[in-house]
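One-letter residues, chain by chain:
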Number of protein chains: 2
Amino acid sequence: MSQHPDKTGHHHGNLRAALIEAGIALLTEGGLDNLSLRKCAARAGVSHAAPAHHFDGVDGLRMAIAAEGFARFRQSMLDFADTGPQTPRDRLRNICRGYLAFARNNPALYDLIFSFRANSKLIDQMRLNSAPAYQVLRDTCAPFVPAGKDPVEIETQVWSLVHGYALLNCQGDLAAHPRRTMRCCPCLTILAAPLDPAGKLRDAFGGCAPHICTYQ
Amino acid sequence: MSQHPDKTGHHHGNLRAALIEAGIALLTEGGLDNLSLRKCAARAGVSHAAPAHHFDGVDGLRMAIAAEGFARFRQSMLDFADTGPQTPRDRLRNICRGYLAFARNNPALYDLIFSFRANSKLIDQMRLNSAPAYQVLRDTCAPFVPAGKDPVEIETQVWSLVHGYALLNCQGDLAAHPRRTMRCCPCLTILAAPLDPAGKLRDAFGGCAPHICTYQ
DNA sequence: GTGTCAAGTTTACACTGTCAAGTTTACATC
DNA sequence: GATGTAAACTTGACAGTGTAAACTTGACAC
C-alpha cells in the first residue's frame, strides 16, 4: 500500500503527513482561525480539494491534526515524568509540568485538541486518539488511589485542576500574570510555578506534606 | 439617543439587543459553528451587513454576546450563592455549583465565553466584561485567604479546578460519565456531584473537614 | 429648507467547505 | 502487453461566509 515513498507523478506519496505538518504550521503561525483545508493544500503543493478528499472534510483534518497533537502532548508529559526522581509524587508533579509545558509551547495545538467538537461519528475516533494521553494520567495517579476507591475520582481532580489552570494561564485573565503559582493543600502544590516564562521551573513546593492527598 | 423604542421606518430601534438575542439562539440551537453575522441578521430581519456595521465585525458580535453570557454566568453563580445557608463555606460551594450549572445549561454560550481569542484591541474590553464574574469568585474566596497571603492563589486554585471540571464534563472524556463526582481533600469537595443530570444536586460532602483548605 | 450624522442597505469581492465529474496512476488479471 | 479497476488526486462549480465601499434613509439642530 505504501509503494510511494516519494512523489511519483500524480501521487504525492506522503500527502497525509504533509497535510498534518502544514496544518500544525498554520496553527502555530496564526491560531485556530488560520487553519483551513485550502491553506493546507497550498502549503503541501496539492489542489485545493485534496485535503478534503483525504480526511473526508475539515473535521477529519482537524481530528487528524488533533491526533498528532495528542501524541506530542502525551510525549511532553512522559518527557517530564521520566526526568528526575521517580517517586510516585515526583512523577505526578512532573506530568503536570509536562502538561503545562505543552500547553504553553503549543497554544494553538492545545486549543485545537480541547476545542474539538465532533459529531458522533468522529467522537469515538477522537476518544481513541486521546486515550494514550489519559492513560499516562491514570498510570501516574494509580499509586495515590486508596484501596477500594474509584481511581477516576482522583484522576478527575488532577485533570480538572491542571486543565483549568492551563486554560486560564494561556488565554484567560491569568495570562497577564504568568508567574502566578497555585498553592493550597498538598494535593495542589504539584502545580506550583509551572509556567515560569524563563523556562526554569522554580521549585516552590517547600513545606508541603509528603503525601499527595489526604483522601478520606 | 434612544428615541427609537420600536422600529420606525428605516431604523430598527433595538437592533443591538435583537442581534445578541438572535446570536444566543443560534448558539443554543447549533453550537459555536452556527453563529454567523448573516444568520443573526436574517433572524433579526435586517440586511446581512447590519451586524457587522453595528459590532464592527464578527469579533465584535461575538464579544457582545460573550458580554451578555458573562452577565448570565455571574447571575447563575449569585443565584446559587444566595440560596441556602450563608456561611463562607456554603457560599463558596454554591458559586461552584452555579458555575457548573451555567456551563451545563448553556454549553455553547459557555464555549463562546471561554474560547474567545481576541486581538489586543478587544481583549481589554473582554476583560472588563468578565471582571464582574471574577469579582464574585474573589468576594467568595476572600474569607479563606490567610492573613498576609496573596488572594489570587486560592482564587486561581478554585477557578482552575471548577473551570477544568466544567470543560471536561461538558465536552471531554468525562462527558460520558456525567454523574462522576470529585472528592479529595476538603477544599475540593465543593465540587462533588455538581452535574446531576436530574437537576437534583446530591449532597455528597459527608465526612469532610469543616474548613475549606488547610492552607499552609 | 439645509447640513450633518448615525443607522442600514446595496453591491461587490475574496475566501471557505463541499460536491460532482474528470484525470492520472498503480496494480492485478488476463 | 492489453485491459479493467480502484485509489489518488485535479478541475470546475456552487453556496455560505466576513468585509469593505458606496449609497440611502431617517432624525435632529439650526
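What counts, and where the lines are drawn
Residues numbered from 1 in each chain as written. Chains lettered and ligands numbered in written order. Predicted model: local features only at pLDDT ≥ 70, side-chain atom pairs only at ≥ 80, totals over all residues. Heavy atoms only, no water. Helix = DSSP H or I, 4+ residues; strand = E, 2+ residues; numbered from the N terminus. Buried < 20%, exposed > 50% of the residue type's maximum accessible area, 1.4 Å probe, protein only. Contact = heavy atoms within 4.5 Å. Areas by Shrake-Rupley, 256 points an atom, 1.4 Å probe, with all protein chains shown as cover. Core = buried A, V, L, I, M, F, W, Y, C linked by side-chain atoms within 4.5 Å. Domains from an automatic or database assignment. Axes fitted to C-alpha atoms, helices over the stretch in contact; angles between N-to-C directions. Left-handed = near helix turned anticlockwise from the far one by under 90°. Nonpolar A, V, L, I, M, F, W, Y, C, P; charged D, E, K, R; others polar. Salt bridge = Lys/Arg side-chain N within 4 Å of Asp/Glu carboxyl O. Parallel < 35°, antiparallel > 145°, perpendicular 65-115°, else oblique. Phe/Tyr/Trp six-rings, centres within 6.5 Å; stacked < 30°, edge-to-face > 60°. pLDDT = per-residue confidence, 0-100. Polar contact = N/O pair within 3.5 Å; in protein donor to acceptor, adjacent residues only side chain to side chain. Arc of directions from axis to C-beta. Disulfide = S-S within 2.5 Å.

A look at the overall build of chain A
Looking only at helices and strands, chain A has eight helices and zero strands in total. Starting at the N terminus, the α and β elements of chain A follow one another as α-α-α-α-α-α-α-α. Counting the 216 residues in chain A, one finds 50% classified as buried. Here the analysis covers contacts within chain A between residues at least 6 apart in sequence; of these, 61% occur between residues at least 24 apart. Surface accessibility of chain A: about 10,100 Å² in total, with carbon and sulfur atoms responsible for 53%.

Structural notes on the nonpolar core
Nonpolar side chains in soluble globular proteins tend to be buried together. Ranked by size, the top nonpolar core spans 105 residues in total, and within it Ile65, Phe73 and Tyr99 of chain A together with Ile65, Phe73 and Tyr99 of chain B carry the most contacts. In this structure, this core is formed jointly by two domains, domain 1 (10-55) and domain 2 (60-177) of chain A, each of which donates at least three residues. When sequence neighbours within four positions are dropped, the list of residues in contact with Tyr99 of chain A reads Phe73, Met77, Tyr110, Phe114, Trp159, Val162, His163 and Ala166 of chain A.

Structural notes on the packing of helix α4 (residues 58-81) of chain A against helix α6 (residues 107-114) of chain A
Geometry of a packed helix pair, given as the angle between the helix axes and the separation of the axes. All names here are of chain A. Where α4 meets α6, the axes come as close as 9 Å, and the angle between the chain directions of the two elements is 115°. Between α4 and α6 lies a crossing of left-handed hand. The residues of α6 that touch α4, namely those facing Arg62, Ile65, Ala66, Gly69, Phe70, Arg72 and Phe73, are Leu109, Leu112, Ile113 and Phe114. Classifying every residue of the contact of α4 with α6 gives eight nonpolar, one polar and two charged.

Focus: the pattern of salt bridges
Pairing of side chains with opposite charge becomes possible as their charged atoms draw close. Residue and element names in this part refer to chain A. Tallied over the entire structure, the rule returns ten salt bridges over all chains. Linking Arg72 and Glu21 is a salt bridge whose minimum nitrogen-to-oxygen distance equals 3.9 Å. Of the two residues, Arg72 is situated in helix α4 and Glu21 in helix α1 (residues 15-30); the sequence distance between them amounts to 51 residues. Arg91 is the partner of Asp82 in a salt bridge, and the nearest nitrogen-oxygen pair spans 3.1 Å. Take Arg91: its relative accessible area is 22%, and that puts it in the partly exposed class.

Section: the packing of helix α4 (residues 58-81) of chain B against helix α7 (residues 120-141) of chain B
Residue and element names in this part refer to chain B. At a minimum axis separation of 8 Å, α4 and α7 run at an interaxial angle of 5°. Classified by the angle between their axes, α4 and α7 sit roughly parallel to one another. Taken together, the residues of α7 that come into contact with α4 (itself represented by Asp59, Gly60, Met63, Ala66, Ala67, Phe70, Phe73, Arg74, Met77 and Leu78) are Leu122, Gln125, Met126, Asn129, Ser130, Pro132, Ala133 and Val136. Among the residues making up the contact of α4 with α7, the classes are represented as twelve nonpolar, four polar and two charged.

So, unusual backbone geometry
With a phi angle near 60°, Asp56 of chain A is a residue other than glycine that sits in the positive phi range. Checked against the element boundaries, Asp56 of chain A lands in the loop between α3 (50-55) and α4.

Considerations on the packing of aromatic side chains
This model, assessed by the stated rule, comprises 22 aromatic pairs over all chains. Ring centres 5.9 Å apart and planes at 70° place the aromatic pair Tyr99 of chain A and Tyr110 of chain A in the edge-to-face group. Taken together, the residues span a long stretch of sequence, with Tyr99 of chain A in helix α5 (residues 88-105) and Tyr110 of chain A in helix α6 at a distance of eleven residues. Both residues of the pair, Tyr99 of chain A and Tyr110 of chain A, count as buried. On the numbers, 5.1 Å between centres and 50° between planes, the contact of Tyr134 of chain B with Trp159 of chain B is tilted. Here Tyr134 of chain B is found in helix α7, whereas its partner Trp159 of chain B is found in helix α8 (residues 151-171), with 25 residues between them in sequence. Trp159 of chain B carries the same exposure label as Tyr134 of chain B, and that label is buried. Chaining the aromatic ring pairs together yields one cluster made of Phe70, Phe73, Tyr99, Phe102, Tyr110, Phe114, Tyr134 and Trp159 of chain A.

Remarks on the confidence of the model for chain A
All names here are of chain A. Summing up the model confidence of chain A, the mean pLDDT is 76 and the portion of residues at 70 or higher is 71%. Confidence over residues 1-9 falls short of pLDDT 50; this stretch has four contacts with residues more than four positions distant or in other chains. The low-confidence segment residues 174-216, where pLDDT is below 50, has 121 contacts with residues more than four positions distant or belonging to other chains.

Structural notes on the environment of His48 of chain A
In this structure, His48 of chain A sits in the loop between α2 (37-44) and α3. Along the backbone, His48 of chain A and Arg38 of chain A are ten residues apart, and their C-alpha atoms lie at a distance of 4.9 Å.

Observations regarding the side chain of Arg93 of chain B
Mapped onto the elements of the fold, Arg93 of chain B is located in helix α5 (residues 88-105). Within polar-contact distance, the side chain of Arg93 of chain B engages the side chain of Asp90 of chain B at 2.5 Å.

Things to note about α2 of chain A
Three- or four-residue spacings in an α-helix give side chains the same orientation, since the helix completes a turn every 3.6 residues. Residue and element names in this part refer to chain A. Residues of α2 that are buried: Leu37, Cys40, Ala41 and Ala44. Axial view of α2: buried residues confined to an arc of 100°, hence all on one face. In α2, the exposed positions angled more than 90 degrees off the buried face are occupied by Arg38 and Ala42. Turning to α2, the residues buried within the fold contact α1, α3 and α4. One or two residues past the end of α2 sits Gly45, with phi positive at roughly 75°.

Some words on the environment of Cys141 of chain B
Residue and element names in this part refer to chain B. Along the chain, Cys141 falls in helix α7. Residue classification places Cys141 among the buried residues on the basis of a relative accessible area of 0%. Separated by 13 residues in the primary sequence, Cys141 and Ile154 place their C-alpha atoms 7.2 Å from one another. In contact with Cys141, not counting residues within four places along its chain, are Leu92, Ile154, Glu155 and Val158.

Looking at the environment of Tyr165 of chain A
Residues and elements named next belong to chain A. Mapping Tyr165 onto the fold places it in helix α8 (residues 151-171). Assessed through its relative accessible area of 0%, Tyr165 is described here as buried. Put simply, Tyr165 and Leu100 are 65 residues apart on the chain and 8.4 Å apart in space, counted from C-alpha to C-alpha.

Some thoughts on the state of the cysteines
Within the structure shown, the criterion is met by zero disulfides over all chains. Cys141 of chain B takes part in no disulfide bond, and the closest cysteine sulfur to it belongs to Cys96 of chain B, at a distance of 7.5 Å.

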